[in-house]
Amino acid sequence: MDLPDSITQRSGRQRKLAGADLQPENMRDRDMEHTSDPEGEEETEGLLQGSDSEDNGRPRVLPGIRNELGNVSLLLFLYVLQGIPLGLAGSIPLILQSKSVSYKDQAFFSFVFWPFSLKLLWAPLVDALYLSKFGRRKSWLVPTQYLLGFFMLYLSVTVDSLLQSEGGRGPDVVTLTAVFFMLAFLAATQDIAVDGWALTMLSRENVGYASTCNSVGQTAGYFLGNVLFLALESVDFCNKYLRTEPKDTGLVTLSDFLFFWGVVFLVSTTLVAILKKETVRSQGKRKVPEETQSVTETYKLLFSIIKMPTVFTFCSLLLTAKIGFSAADAVTGLKLVEAGVPKEQLALLAVPMVPLQIMLPLVISKYTAGPRPLDVFYKAFPFRLLIGLEYALLVWWTPSVKQEGGFPVYYYAIVLLSYALHQVALYSMYVACMAFHAKVSDPLIGGTYMTLLNTVTNLGGNWPSTMALWMVDPLTSKECQGAVGQSCGSPEEAGLCVKEGGVCVTSLDGYYVESMVCVLIGLAWWVWLGKKMTRLQEQSPAAWKCRINQ
């Protein structure tokens, strides 16, 4: 279920917060993708040393973090803005589920979470094409954020009609997917630009704060756009905790929320475009431009990496490793909402998980720092599969626990414990995988190498999740009770059943079938391919070196 991951697709992290794991590890993996080329860093560091050490023969005072609080605050704010559309996109599956859309529609909407896993495809363009007079990073940051703001304003006017299910018509999932896909694509492009700007906006001494701004800002933005929005939009939550007199609506609506943040995007982008200048590094009195690898060279480099035998094998394993977890990660959160668990309560379960998510990488890294980090991945694999079965049992148990006033406290405690155990297994595999990426990446092209492996890792979680959502309906069996000669094999047949006075009853839920099949596939992968992945650790360092000219 990966509750937080489900409301956040899932990238992500997947630092995802809660809900219907539509993209579980993406956000966590995105932080690892911000690794830059070590060779380029050394060159930049040398330039910065020259810049910071002397100016007209007089020693310069090295800037402390206090002197750069403005830049740090700006970076933090830009990453918060980036998390807002991702959080909003993560909340839509739960809203759609409350309107009883099909799981095929949920699968279609899950493509919204793919852009962050595919941004490597257009990142070289963002890095190489720009208007020098306006600024290398602002050339992309300003237009993408303006477009984000305009898309949000457009949605604020149309989203209510897109989500309406009147007159036998359900929500307009196709249009919702198209608009939110564009939001995610623009947020991913903004992420590329901000990551690059962070390296020159901060001094060499403080550039390490960029990753902190990234992780804190994205998480805060996702929390605002997902958990906070779902809580303030919920009528029950607001009436129970925030009001003295009950009302028929929440404190905010999706339209209001989109309009507010659309205005924030437009105003803040205008201020950045006018007031913030990009820093040009200098060596003495001579300005030193950032080196830019050509687009063609970058794509050739990526191709040369992927066709290496060891890398190709590893990528193939990464693309198939998460099939066994797809039903649990992608569908469980939606099934709980279908069973009556309030979506805002499901989202809020992510809050107490934050300390655990901070501590787990620190603890697990002690066991992955050695020469065989994938051993941890291999050992955690079957436990995560077992937790998937426990999730299925939890979904089956949920309807019997529901009371007139909702669910008892002990039920949420069990859900929270289940999620905590899932996080331990998930982070064990995640940290081990990232440690191995860092271990084998060729230091001469470390940034490109690491980003490629992280991209493949993300895709390995995205496509099984989309497929898992897509297969729920075909695997589900329903029968018409109360109307002779009617069936419920299709929406049209279900409508005839109801028209004849019958009711469609689920005789076999495809989620349970899928959960068993995924676990069996996962066990087969673990037995036959898991050992093959661990044996990659025995390859010599030369097997992972990229021979660019061959």
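Above this note sits the structure.
Residues numbered from 1 in each chain as written. Predicted model: local features only at pLDDT ≥ 70, side-chain atom pairs only at ≥ 80, totals over all residues. Heavy atoms only, no water.

Caption draft 1: View of helix α14 (residues 309–320). Here α14 contains twelve residues, and its C-alpha end-to-end distance of 17 Å stays within 8% of the 16 Å for a straight helix at 1.5 Å per residue. What α14 keeps buried is the set T310, V311, F314, C315, L317 and L318. Across the axial projection of α14, the buried residues extend over an arc of 160°, all falling on one side. Set apart from the buried face of α14 by more than 90 degrees, the exposed residues are P309 and F312. (Helix = DSSP H or I, 4+ residues; strand = E, 2+ residues; numbered from the N terminus. Expected span 1.5 Å × (residues − 1). Buried < 20%, exposed > 50% of the residue type's maximum accessible area, 1.4 Å probe, protein only. Arc of directions from axis to C-beta.)

Caption draft 2: Looking closely at the packing of helix α4 (residues 69–98) against helix α8 (residues 138–163). Direction vectors running N to C along α4 and α8 enclose 25°, while the axes themselves pass 12 Å from each other. Judged on the interaxial angle alone, α8 and α4 are roughly parallel. Here α4 runs over α8; the crossing is left-handed. Here α4 contributes L78, L81, I84, P85, L88, I95 and L96 to the contact with α8, which in turn contributes L141, Q145, L148, M152 and L163. Broken down by class, the residue content of the contact of α4 with α8 amounts to eleven nonpolar, one polar and no charged. (Axes fitted to C-alpha atoms, helices over the stretch in contact; angles between N-to-C directions. Parallel < 35°, antiparallel > 145°, perpendicular 65-115°, else oblique. Left-handed = near helix turned anticlockwise from the far one by under 90°. Contact = heavy atoms within 4.5 Å. Nonpolar A, V, L, I, M, F, W, Y, C, P; charged D, E, K, R; others polar.)

Caption draft 3: Here's a closer look at helix α15 (residues 326–338). The end-to-end C-alpha distance of α15, which contains 13 residues, comes to 18 Å, matching closely the 18 Å that a straight helix rising 1.5 Å per residue would cover. Considering bend angle alone, the principal kink of α15 is centred on T332 and spans about 40°. Three or more residues of α15 are buried, namely S326, A327, A328, D329, A330, V331, T332, G333, L334, K335, L336 and V337. (Bend = angle between axes of the 7 residues up to and from the residue.)

Caption draft 4: View of the nonpolar core. Counting residues in each nonpolar core, the largest one holds 64 residues, and the members touching the most others are L88, F109, F180 and Y411. Ranked by the residues each element gives to this core, the list is headed by α4, at eight residues. Non-local contacts of L88, meaning those with residues more than four positions away in its chain, are made with M152, F180, G225, F229, L254, F257 and L258. Residues V311, F314, L318 and L452 belong to the second largest nonpolar core, which totals 40 residues. (Core = buried A, V, L, I, M, F, W, Y, C linked by side-chain atoms within 4.5 Å.)

Caption draft 5: Structural view of the packing of helix α18 (residues 374–401) against helix α19 (residues 409–440). In the contact formed by α18 and α19, the axes pass within 9 Å of each other and the chain directions differ by 160°. Classed by the angle they form, the pair α18 and α19 counts as roughly antiparallel. Crossing handedness for the pair α18 and α19: left-handed. Looking at side-chain class alone, the contact of α18 with α19 contains 22 nonpolar, four polar and two charged residues.

Caption draft 6: Quick peek at the packing of aromatic side chains. Evaluated as defined, the whole model comprises 24 aromatic pairs. Centre to centre, the rings of Y378 and W526 are 5.1 Å apart; their planes meet at 25°, and the pair counts as stacked. In this pair, Y378 is assigned in helix α18 and W526 in helix α22 (residues 510–528), connecting sequence segments 148 residues apart. Judged by its relative accessible area of 17%, Y378 is buried. Under the relative-accessibility criterion, W526 is labelled partly exposed at 22%. With centroids separated by 6.4 Å and ring planes inclined at 45°, the aromatic side chains of W397 and Y410 adopt a geometry described as tilted. Within this pair, whereas W397 is found in helix α18, its partner Y410 is found in helix α19, the two being separated by 13 residues in sequence. Given a relative accessible area of 46%, Y410 falls into the partly exposed group. Ring pairing ties together the aromatic residues W397, F407, Y410, Y411 and Y412, which thus form one cluster. Its end group placed over the ring of F134, K138 keeps NZ or CZ at 5.0 Å from the ring centre. (Phe/Tyr/Trp six-rings, centres within 6.5 Å; stacked < 30°, edge-to-face > 60°. Lys NZ or Arg CZ within 6 Å of the ring centre and 35° of its normal.)

Caption draft 7: Structural context of the state of the cysteines. Inspection of the entire model under this criterion finds two disulfides. Each sulfur in the disulfide pair C480 and C497 lies 2.0 Å from the other. One disulfide, between C480 and C497, carries an S-S torsion of 90° and so falls in the right-handed class. Of this pair, C480 sits in strand β5 (residues 477–481) while C497 is found in helix α21 (residues 491–499), placing the two residues 17 residues apart along the sequence. Here the two residues C480 and C497 agree in accessibility, since each one is buried. Through a disulfide, C488 is tied to C504; the S-S separation comes to 2.0 Å. What sets the handedness of the C488 and C504 disulfide is the S-S torsion sign, and at about -90° it is left-handed. Taken together, the residues span a long stretch of sequence, with C488 in the loop between β5 and α21 and C504 in strand β6 (residues 503–508) at a distance of 16 residues. In the protein, the bonded cysteines, numbered by position in the sequence, are linked as 1-3, 2-4. (Disulfide = S-S within 2.5 Å.)

Caption draft 8: Examining a nonpolar patch on the surface more closely. Residues F108, F111, V174, F181, M182, L319, W463, M467, W470 and M471 make up a contiguous nonpolar surface patch of about 820 Å² in total accessible area. Secondary structure elements with two or more residues in the nonpolar patch: α9 (173–201) and α20 (446–475). Element by element, the count of residues in the nonpolar patch is highest for α20, at four residues. By the secondary structure assignment, W470 is in helix α20. (Patch = residues over 30% accessible without salt bridge, like charges linked within 9 Å, V, L, I, M, F, W, Y side chains within 5 Å. Areas by Shrake-Rupley, 256 points an atom, 1.4 Å probe, with all protein chains shown as cover. Salt bridge = Lys/Arg side-chain N within 4 Å of Asp/Glu carboxyl O.)

Caption draft 9: Just the layout of surface pockets, in detail. Computed from the structure, the second largest pocket encloses a volume of approximately 850 Å³. Taken together, 22 residues line the second largest pocket, and the ones lying closest to its centre are S100, V101, S102, D473 and K478. Mapped by element, the contributors of at least two residues to the lining of the second largest pocket are α5 (103–109), α15, α20, β5, α21 and β6. At three residues, the largest contribution of residues to the lining of the second largest pocket is made by α20. (1 Å grid on protein atoms, 1.4 Å probe; cavity = no way out; pocket = protein on both sides within 12 Å on 5 of 7 lines; lining within 4 Å. Points joined across faces, edges and corners; volume = space filled by probe spheres on them.)

Caption draft 10: The environment of L251, seen in detail. The residue L251 is located in the loop between α11 (235–242) and α12 (254–275) in this model. Judged by its relative accessible area of 47%, L251 is partly exposed. As a C-alpha pair, L251 and F229 span 22 residues in sequence and 9.5 Å in three-dimensional space. If we ignore the near neighbours within four places in the chain, the residues touching L251 are L232, C238, L242 and R243.

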